[in-house]
Amino acid sequence: MKFLLTILITYIIVSFFGYLAHKALHQKWSGKYNKSHMTHHVKLYPANNYTSETYRDAGKDDAIWFFIVISIPVILLPILLGIIGLPIHLVITSILEMLILAFLNNYIHYAYHINNHWLTKIPLLSKIFNKFKYLHFIHHKKMQKNLGIFDFTWDFLLKTLKK
């Protein structure tokens, strides 16, 4: 039971963190990180040219460093809980889940922008993927909406979901 609770709590924390971090990238106060992220939205993947055959990489994208730096407290949380008594297997579970979620977030976002990605070809999966891809496309048109990548729960709860 503690294992499942650890997975659930970690997911809630990481998904909320991702939502807030993405929202921050859309705020002018985030400075060069906002500018870098806007390159993705405005120059590389504007709403009228949302997909391509290969991913249009911005090259040196500072947004990844933004996520890494502000992730430190989130990553340290299970370690600190381990120091005060959380069993080591739950600390490891939480950190592994964070790494998996970070990978999924990055990979699925990448996949949204690729024409005929393999995720569009698996019958049941394609239905879900295409729905989320559409929500992400809306985000490229209305950048303060649909800030989730593969989970739009926080958008729903915080009234930023646009269908």
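First, a word on scope: everything that follows refers to the structure included in this document.

Focus: the overall build of the protein
Then, in step 1: When helices and strands are tallied, the protein shows 6 helices and 0 strands.
Then, in step 2: When the helices and strands of the protein are read in sequence order from the N terminus, they spell out α-α-α-α-α-α.
Then, in step 3: The C-alpha atoms of the protein give 17 Å as radius of gyration, which agrees with the globular expectation for 163 residues (15 Å, within 12%).
Then, in step 4: Principal axes of the C-alpha set define a box for the protein whose edges measure 50 × 40 × 30 Å.
Then, in step 5: In the protein, of all internal contacts separated by at least 6 residues, the share reaching a separation of at least 24 is 59%.
Then, in step 6: Approximately 10100 Å² of the protein is accessible, and the part contributed by carbon and sulfur atoms is 71%.

Description of the packing of aromatic side chains
Then, in step 1: Overall, the coordinates contain 8 aromatic pairs when judged by the stated rule.
Then, in step 2: Pairing tyrosine 112 with phenylalanine 129 gives two aromatic rings, centres 5.3 Å apart and planes at 40°, and the pair type is tilted. On the criterion of sequence distance, the pair formed by tyrosine 112 in helix H4 (residues 88-112) and phenylalanine 129 in helix H5 (residues 123-141) is long-range, its members being 17 residues apart. In this pair, the class of tyrosine 112 matches that of phenylalanine 129, namely buried.

Thoughts on the side chain of histidine 109
Then, in step 1: You can see histidine 109 is positioned in helix H4.
Then, in step 2: Separated by 3.1 Å, the side chains of histidine 109 and histidine 40 make a polar contact.

As for unusual backbone geometry
Then, in step 1: Even without glycine at this site, asparagine 146 takes up a positive phi of about 50°.
Then, in step 2: Looking at the secondary structure, you find asparagine 146 in the loop between H5 and helix H6 (153-157).
Then, in step 3: With relative accessibility at 0%, the residue asparagine 146 sits in the buried group.
Then, in step 4: Of note, the phi angle at lysine 159 is positive, near 60°, even though the residue is not glycine.
Then, in step 5: Checked against the element boundaries, lysine 159 lands in the segment after H6.
Then, in step 6: Look at lysine 159 and you get exposed, because its relative accessible area is 67%.

Parameters and conventions
- Residues numbered from 1 in each chain as written.
- Predicted model: local features only at pLDDT ≥ 70, side-chain atom pairs only at ≥ 80, totals over all residues.
- Heavy atoms only, no water.
- Helix = DSSP H or I, 4+ residues; strand = E, 2+ residues; numbered from the N terminus.
- Rg over C-alpha atoms; globule rule 2.2 N^0.38 Å.
- Contact = heavy atoms within 4.5 Å.
- Areas by Shrake-Rupley, 256 points an atom, 1.4 Å probe, with all protein chains shown as cover.
- Phe/Tyr/Trp six-rings, centres within 6.5 Å; stacked < 30°, edge-to-face > 60°.
- Buried < 20%, exposed > 50% of the residue type's maximum accessible area, 1.4 Å probe, protein only.
- Polar contact = N/O pair within 3.5 Å; in protein donor to acceptor, adjacent residues only side chain to side chain.

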